[in-house]
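# Geometric and topological summary
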Amino acid sequence: MLELLREFSPLVQALPPRAALVQVRGAQRYFGVDAERIAEVIRLRAVARLGTDVRIGVAGTWAVAAMASARIPGPGGVLAVPGERVAEFLGPLPVEELYGLGSRQAEALRGYGLHTVGALTEVPPGVVERILGRRAGRVVVERARGIDPRPVTPRDLPSSAAVRSRFAREELDGPHARAELLGLVVRLGATLRGCRQAARALTLTLRFAGGTRWEKTRRLPEPSAHDEDLRTLAYRLMDAAGLQRARLTGMVLRAEDLTGAERAARQLTLDPVREARLTVESAIDRANARFGPGTVRPAATFRRAPAAA
């Protein structure tokens, strides 16, 4: 998709795992059409070439374009918000739909009766700054007015990806810590496959009570984004830590030295068990894409409910 976007502009910024920005002012002058028309052509080519539909928000700023994209129903479509219609578009939106606003910030604003994006523009900026803090409040007020000075910065997919877990209390149970690591493996694998990337190495960071940490990196035999390969290496990394009664407070699993999935050679293993697992993995990815991340995952990643007395 990034390559398709670069056919219209060199200013393409990847926003992993499933979004990108593209500035098309030059393309508008070159092709003699408006940005909405270019977006429609991009969508058509994505369906024809890649077999996938996309949602494209068209606006003069990053934040408004992102919110327009989020308002498109279904798997694909184009929604353009011209400059003169920005206030009309943003005004009635629930405050939690403002781009970049966290759930706690939205809850705080609602607690003061500010339920819509338009309401943020009707009160003095100082009110929002007192609720959210000066810096965050200023950004929220600007975005509520459709102001977002951030440029599109050309950037490809990142060279690494990480997933994190923080324990609610100090963890001493080895099997539970391993199950938590398995959950990170599943999340990381899904992220890599969603970005069509593969990892050449994994880094595991363990954080302990008292602020100490342990970290180790090992390379995969070959680039991979499959849960089975990532899990095997992740477990080896944890075994290398030699944990006995260590009090864990969190862990980070990072995929390093990423490459495009198309560059990761896949050899026939003649192993029916592995081939079956890869088939199941593909089916799970489709199910999670349809019903939400984590809908289908290994049973070990589900915590057991406490037994009733």
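A brief report on the enclosed structure follows. (Residues numbered from 1 in each chain as written. Predicted model: local features only at pLDDT ≥ 70, side-chain atom pairs only at ≥ 80, totals over all residues. Heavy atoms only, no water.)

Next up on the list: the overall build of the chain. Helices and strands together make up the secondary structure of the chain, namely 12 helices and nine strands. Relative to its full complement of 309 residues, the chain shows a buried share of 38%. The long-range fraction of contacts in the chain, counting pairs at least 24 apart against all pairs at least 6 apart in sequence, stands at 61%. Positive and negative side-chain charges of the chain, numbering 48 and 33 respectively, have mean locations separated by a distance of 4 Å. (Helix = DSSP H or I, 4+ residues; strand = E, 2+ residues; numbered from the N terminus. Buried < 20%, exposed > 50% of the residue type's maximum accessible area, 1.4 Å probe, protein only. Contact = heavy atoms within 4.5 Å. Lys, Arg positive; Asp, Glu negative; His and termini not counted. Charge placed at Lys NZ, Arg CZ, Asp CG, Glu CD.)

The next point concerns the pattern of salt bridges. One pass over the full model with this rule turns up 17 salt bridges. In this structure, Arg 247 and Glu 170 form a salt bridge, with 3.1 Å as the shortest nitrogen-oxygen distance. Here Arg 247, found in the loop between helix H11 (227-241) and strand S8 (248-256), pairs with Glu 170, found in strand S5 (residues 161-171); they are 77 residues apart in sequence, far enough to count as distant. Each of Arg 193, Asp 227, Glu 281 and Asp 285 takes part in one network of salt bridges that share partners. (Salt bridge = Lys/Arg side-chain N within 4 Å of Asp/Glu carboxyl O.)

Moving on, we get to a nonpolar patch on the surface. A cluster of nonpolar residues, Tyr 30, Phe 31 and Val 33, forms a patch on the protein surface that exposes about 340 Å² of accessible area. By secondary structure assignment, the location of Tyr 30 is in helix H2 (residues 25-31). (Patch = residues over 30% accessible without salt bridge, like charges linked within 9 Å, V, L, I, M, F, W, Y side chains within 5 Å. Areas by Shrake-Rupley, 256 points an atom, 1.4 Å probe, with all protein chains shown as cover.)

Let us now look at the packing of aromatic side chains. Tallying each qualifying case throughout the model produces two aromatic pairs. A ring pair is formed by Phe 8 and Phe 31, whose centres lie 6.1 Å apart and whose planes are at 50 degrees; its orientation type is tilted. In this pair, Phe 8 is assigned in the loop between helix H1 (2-5) and strand S1 (12-15) and Phe 31 in helix H2, connecting sequence segments 23 residues apart. The residue whose ring lies beneath Arg 178 is Tyr 235, and the NZ or CZ to ring-centre distance is 4.7 Å. (Phe/Tyr/Trp six-rings, centres within 6.5 Å; stacked < 30°, edge-to-face > 60°. Lys NZ or Arg CZ within 6 Å of the ring centre and 35° of its normal.)

Glancing now at unusual backbone geometry. At Arg 196, a position not held by glycine, the phi torsion is positive, near 55 degrees. You can see Arg 196 is positioned in the loop between helix H10 (174-194) and strand S6 (197-208). For Asp 257, which is not glycine, the phi torsion reads 50 degrees and is therefore positive. Within the secondary structure layout, Asp 257 lies in the loop between S8 and strand S9 (259-260).

This part covers the environment of Gly 102. Residue placement: Gly 102 occurs in the loop between helix H5 (86-90) and helix H6 (103-111). Residue classification places Gly 102 among the partly exposed residues on the basis of a relative accessible area of 27%. Measuring from C-alpha to C-alpha, the distance between Gly 102 and Glu 3 comes to 32 Å, with 99 residues separating the pair along the chain.

Note that soluble globular proteins tend to have their nonpolar side chains buried in a common cluster. Grouped together as the largest cluster of nonpolar side chains are 30 residues, with contacts concentrated most on Leu 181, Leu 188, Leu 192, Leu 202, Leu 206, Met 251 and Leu 253. The set of elements that each furnish at least two residues to this core consists of S5, H10, S6, H11 and S8. Residues within four places of Met 251 in sequence aside, it is in contact with Val 163, Arg 164, Ser 165, Phe 167, Ala 177, Glu 180, Leu 181, Leu 184, Thr 205, Leu 206 and Met 238. Leu 98, Leu 120, Val 140 and Val 141 belong to the second largest nonpolar core, which has 24 residues in total. (Core = buried A, V, L, I, M, F, W, Y, C linked by side-chain atoms within 4.5 Å.)

Taken N-terminus to C-terminus, the directions of H6 and helix H8 (residues 125-132) make an angle of 125 degrees; their axes are 10 Å apart at the nearest point. Judged by the angle between their axes, H6 and H8 are oblique. Where H6 crosses over H8, the handedness of that crossing is right-handed. Contacts from Gln 105, Ala 108 and Leu 109 of H6 reach H8 at Val 128, Ile 131 and Leu 132. (Axes fitted to C-alpha atoms, helices over the stretch in contact; angles between N-to-C directions. Parallel < 35°, antiparallel > 145°, perpendicular 65-115°, else oblique. Left-handed = near helix turned anticlockwise from the far one by under 90°.)

Relative to the 30 Å expected for 21 residues at 1.5 Å per residue, H10 spans 30 Å between its end C-alpha atoms, a close match to the ideal helical length. Arg 196, located one to two residues past H10, shows a positive phi value of around 55 degrees. (Expected span 1.5 Å × (residues − 1).)

A few words now on the environment of Glu 142. Looking at the element boundaries, Glu 142 is found in helix H9 (residues 134-144). Classification of Glu 142 as partly exposed rests on a relative accessible area of 29%.

Its location among the elements puts Ser 224 in strand S7 (residues 213-224). Of note is the side chain of Ser 224, whose polar atom sits 2.6 Å from the side chain of Asp 229. Ignoring sequence-local partners within four residues, the contact set of Ser 224 consists of Leu 192, Ala 198, Ala 199, Asp 229 and Leu 230. (Polar contact = N/O pair within 3.5 Å; in protein donor to acceptor, adjacent residues only side chain to side chain.)

So, on to the pairing of strand S4 (residues 77-80). A regular strand places its side chains so that they alternate between the two faces of the sheet. Sheet topology places strand S3 (residues 55-58) next to S4; four bridges connect them, and they run parallel. Along S4, the bridge assignment pairs Arg 55 with Gly 77. Handedness of the crossover joining S3 and S4 through helix H4 (residues 62-70): left-handed. (Pairing = 2+ DSSP bridges. Right-handed = clockwise from strand over helix to strand, strands pointing away.)

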